[in-house]
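# A look at the structure
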Amino acid sequence: MELSYILNHLAEERDQYFGAIAPPIIQTSNFAVKTIDELRNLFADESSGYLYSRGMNPTVDILRKKLAALDEAEDCLVFNSGAAAIFCSVIPFIQNGDHIISVKNPYSWAQKCFDLFLPKFGVHTSYVDGKNVENFQNAIRENTKIIYLESPNSWDYAIQDLSLLAQLARSKNIMTICDNSYCSPIYQKPIAMGIDISIQSATKYIGGHSDTVAGVLCGSHEHIRGIFQLEYLLAGNGIQAFNAWLLLRGLRTLPARLDRLQNSMNKVMDGLRNHPAIDRMIFPFDATFPQYSLAKKQMSGACGLMTLVLKERRQKKIEQFCERLETFLIAVSWGGHESLVIPRCAGIQPDDFNPDDESHRMVRFYIGLEEPDYLLKDMLRGLDQLDQRQ
Ligand SMILES: *Cc1c(COP(=O)(O)O)cnc(C)c1O
């Protein structure tokens, strides 16, 4: 299916709503039926029609169809957050006594799910360095049910070979789940590479305007149907009509925004290259990236996030560098108009700061939709100041 068709036409039935070009927000909690028979059928299978907006809703349906098509998946569910999508991708496939293998350093709430929540129910997780497929192979046990991936990671952009891992997991009857938030389905299609379930935080690029929190879970008809019937309805964490509409609005400009971000990123990186205050620049589509060839093989693009490892060894100076930037806001998340910055040390207690660990000297940038020169000037000013103080 062509991208433009998905974004503009798929699932839009404009003759049903006055020819309106923008999709309708069906802001209702419940739906009326004509007969008790209809109601009985909906009770038996809530996915068969409109009963109650905790389950199915027409605005959400338009979004689901478009997001599934973008991911080349049979179906999808949309949640109130990426964290909820992570939770509902894992829970259905495990029971007491099972084992999960996760790539190391997954998104913080995935890690909390594995470390703090699942052990209460007898499910334990091993973490492996994802750069080597053998690490997963060696960690597989008889009770391993899920291989959990995040490619690229959203700090150091470490990636995993998705096709090879999907093959390995299939041969052992293990489910694969991949967090695709960094790329979005525009730049990477895990399901087409054999991954069972692809999730992403739609808060980032799909929403695109820093005004909605949402998450997407794509997979086969069978998996989505099962998750809908239990976890989705039970958690009651499905996206509601207005937020779904905000995501539909974001989708219209998604490729245009990502193009712009990609261009700006190239300009900014070229402007920073070889700056004396920078130890290393990390970006998956930069030729110096250690897994560059694998990135090029399985991703069709990379855009907004880039990390600098600074030479500066004093935590205070790294923090000041971030605080003194004038065009970047200090904030988590990414994907909106506004450029953002966050130092890794914000998550580290001062006593634990260790400048010999290069990850402690990382500063992550989201290069947003502003003019790239405007951002670059500010970054260079801050880096020059750092350099003079060495
Ligand atoms: C932001 C993020 C999430 C969580 O999404 P929310 O919408 O914030 O709940 C999950 N994974 C990655 C990689 C993220 O960056």
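Just above, that's the structure.
The present account deals with the structure reproduced in this document. This structure is a prediction, so every number in the text was calculated from the model and none was measured.

## Looking at the packing of helix 3 (residues 58–70) against helix 10 (residues 241–252)
A pair of packed helices is characterised by two quantities: the angle between their axes and the separation of those axes. Two elements in contact, helix 3 and helix 10, have axes separated by 8 Å at closest approach and are oriented at 40°. In terms of orientation, helix 3 and helix 10 fall into the oblique class. Of the two elements, helix 3 crosses helix 10, and the hand of that crossing is left-handed. Taken together, the residues of helix 10 that come into contact with helix 3 (itself represented by T59, V60, I62, L63, K66, L67 and L70) are A241, A244, W245, L247, L248, L251 and R252. Partitioning the contact of helix 3 with helix 10 into residue classes produces eleven nonpolar, one polar and two charged.

## Points about helix 7 (residues 162–171)
Listed as buried for helix 7 are L162, L165, A166, L168 and A169. The buried residues of helix 7 occupy an angular sector of 165° when the element is viewed end-on, so they sit on one face. Exposed side chains of helix 7 directed beyond 90 degrees from the buried face belong to Q167, R170 and S171. Here the buried face of helix 7 lies against helix 6 (133–139), strand 4 (144–150), strand 5 (175–179) and helix 12 (292–298). Its side-chain oxygen placed 3.4 Å from the backbone nitrogen of S163, D161 serves as the N-cap of helix 7. Positive backbone phi, approximately 65°, marks N173, located one or two places after helix 7.

## What about the state of the cysteines?
Working definition: the covalent bond between the sulfur atoms of two cysteines is a disulfide. A complete count under the given rule lists zero disulfides for this structure. Distance from the sulfur of C183, which forms no disulfide, to the nearest cysteine sulfur (C303) is 8.1 Å. Sulfur of C345: no disulfide; nearest cysteine sulfur belongs to C322 and is 6.9 Å away.

Cut-offs applied
- Residues numbered from 1 in each chain as written.
- Predicted model: local features only at pLDDT ≥ 70, side-chain atom pairs only at ≥ 80, totals over all residues.
- Heavy atoms only, no water.
- Axes fitted to C-alpha atoms, helices over the stretch in contact; angles between N-to-C directions.
- Helix = DSSP H or I, 4+ residues; strand = E, 2+ residues; numbered from the N terminus.
- Parallel < 35°, antiparallel > 145°, perpendicular 65-115°, else oblique.
- Left-handed = near helix turned anticlockwise from the far one by under 90°.
- Contact = heavy atoms within 4.5 Å.
- Nonpolar A, V, L, I, M, F, W, Y, C, P; charged D, E, K, R; others polar.
- Buried < 20%, exposed > 50% of the residue type's maximum accessible area, 1.4 Å probe, protein only.
- Arc of directions from axis to C-beta.
- Polar contact = N/O pair within 3.5 Å; in protein donor to acceptor, adjacent residues only side chain to side chain.
- Disulfide = S-S within 2.5 Å.

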